[in-house]
Amino acid sequence: MTQLTIGYSDSEDRLWLLLTDDTHQFWLSRRFCANLLLHLEKALTESCPGGEMQGSLDAQTRVTLEHQAAHESESEAKPPHQKTSTVARKSSLLTSILLTVDSCKVDMELIAPSHSRSLLLNRAQAHQFLAALWQHSQSAKWDLPNPGWQRK
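Residues numbered from 1 in each chain as written. Predicted model: local features only at pLDDT ≥ 70, side-chain atom pairs only at ≥ 80, totals over all residues. Heavy atoms only, no water.

Caption draft 1: Structural context of the overall build of the protein. Within the protein one finds four helices and seven strands. The linear arrangement of helices and strands in the protein, starting from the amino end, is β-β-β-α-α-β-β-β-β-α-α. Taken over 152 residues, the protein has a buried fraction of 41%. A separation threshold of at least 6 residues defines the contact pool for the protein, and within that pool the share at least 24 residues apart is 50%. (Helix = DSSP H or I, 4+ residues; strand = E, 2+ residues; numbered from the N terminus. Buried < 20%, exposed > 50% of the residue type's maximum accessible area, 1.4 Å probe, protein only. Contact = heavy atoms within 4.5 Å.)

Below, the structure is given as structure tokens:
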């Protein structure tokens with residue numbers, strides 16, 4: 001099982017992503033992070049299931065509820081802390097991410113000049129990833145626009 005860790009480097013003023021089964025550390029600039037937050041939230045909203053039901057809630061409300069449910073399930077099912085081994089990693093600045101989002105899953109291809117990596121998430125994991133990016137950008141004091149679930 002691949003675990004994803006997100007952190008912030010104040011000396012670089014960038015977020016970093018580590019995947020436990022990868023040899024690269026991916027770096028995200030402030031602008032890249034802002035665009036990723038915007039596009040991932042938009043893709044999750046546009047693909048949110050349940051809109052075909054008569055009398056259903058609007059897409060933004062459905063995705064907000066989905067986000068809250070994913071956040072609650074994350075806090076209930078915290079995995080046991082695992083000791084991570086120190087691995088020499090190559091640093092790669094993310095230049096693009098290809099997103100494929102549907103009502104069940106999110107496929108993200110992380111693309112850097114010297115390395116690319118595919119990451120498949122279910123919708124709950126995608127919301128948890130989105131929330132972690134948002135929280136780290138807030139901790140970095142980047143003052144990015146509030147995502148839709150924060151505006152409700």
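Caption draft 2: Geometry of the sheet that holds strand β3 (residues 24–28). Taking strand neighbours across the sheet as the criterion, the four strands line up as β1-β2-β3-β4 in an open arrangement whose pairing is mixed. Bordering the open sheet on either side are β1 (4–9) and β4 (90–93), each of which pairs with just one other strand. Taken over all neighbouring pairs, the strand axes of this sheet differ in orientation by 30° on average, direction set aside. Across four bridges, the pairing between β3 and β4 is parallel. Along β4, the bridge assignment pairs His 24 with Lys 90. The strands touched by helix α3 (residues 123–139) are β1, β2 (14–19) and β3; relative to β1, the strand with the most contacts, the crossing angle is about 15°. (Pairing = 2+ DSSP bridges. Axes fitted to C-alpha atoms, helices over the stretch in contact; angles between N-to-C directions.)

Caption draft 3: Here's a closer look at α3. The end-to-end C-alpha distance of α3, which contains 17 residues, comes to 24 Å, matching closely the 24 Å that a straight helix rising 1.5 Å per residue would cover. Listed in full, the buried residues belonging to α3 are Arg 123, Ala 126, His 127, Gln 128, Phe 129, Leu 130, Ala 131, Ala 132, Leu 133, Trp 134 and Ser 137. Where α3 starts, the residue carrying a side-chain oxygen 3.1 Å from the main-chain nitrogen of Ala 124 turns out to be Asn 122. Remark: Lys 141 follows α3 within two positions and exhibits a positive phi of approximately 60°. (Expected span 1.5 Å × (residues − 1). Polar contact = N/O pair within 3.5 Å; in protein donor to acceptor, adjacent residues only side chain to side chain.)

Caption draft 4: Layout of the confidence of the model for the protein. Here the protein shows a mean pLDDT of 85. Residues at 70 or above account for 84%. Segment residues 79–84: pLDDT under 50, and two contacts once partners within four positions in sequence are set aside and those in other chains are kept. (pLDDT = per-residue confidence, 0-100.)

Caption draft 5: Representation of the sheet that holds strand β7 (residues 115–122). Taken in spatial order, the three strands make up an open sheet running β5-β6-β7, and their pairing is antiparallel. The open sheet has two free edges, formed respectively by β5 (96–101) and β7, since each of these has just one partner strand. Strand-to-strand twist of the sheet, defined as the mean angle between neighbouring strand axes without regard to direction, takes the value 15°. Together, β5, β6 (105–112) and β7 form the strand contacts of α3, whose direction differs from that of β7 by roughly 120°.

Caption draft 6: Spotlight on the nonpolar core. Leu 28, Leu 94, Phe 129 and Leu 133 are the most contacted members of the largest nonpolar core, which totals 31 residues. Counting residues per element, the ones that place at least two in this core are β2, β3, α1 (30–46), β6, β7 and α3. (Core = buried A, V, L, I, M, F, W, Y, C linked by side-chain atoms within 4.5 Å.)

Caption draft 7: Spatial organisation of the packing of α1 against α3. Running from amino to carboxyl end, α1 crosses α3 at an angle of 150°, the nearest separation of the two axes being 10 Å. Regarding the angle of α1 to α3, the classification is roughly antiparallel. In this structure, the crossing between α1 and α3 has a hand that is left-handed. Across the interface between the two elements, Cys 33, Leu 36, Leu 37, Leu 40, Glu 41 and Leu 44 from α1 touch Arg 123, Ala 126, His 127, Phe 129, Leu 130, Leu 133, Trp 134 and Ser 137 from α3. Along the lines of polarity and charge, the residues of the contact of α1 with α3 split into 10 nonpolar, two polar and two charged. (Parallel < 35°, antiparallel > 145°, perpendicular 65-115°, else oblique. Left-handed = near helix turned anticlockwise from the far one by under 90°. Nonpolar A, V, L, I, M, F, W, Y, C, P; charged D, E, K, R; others polar.)

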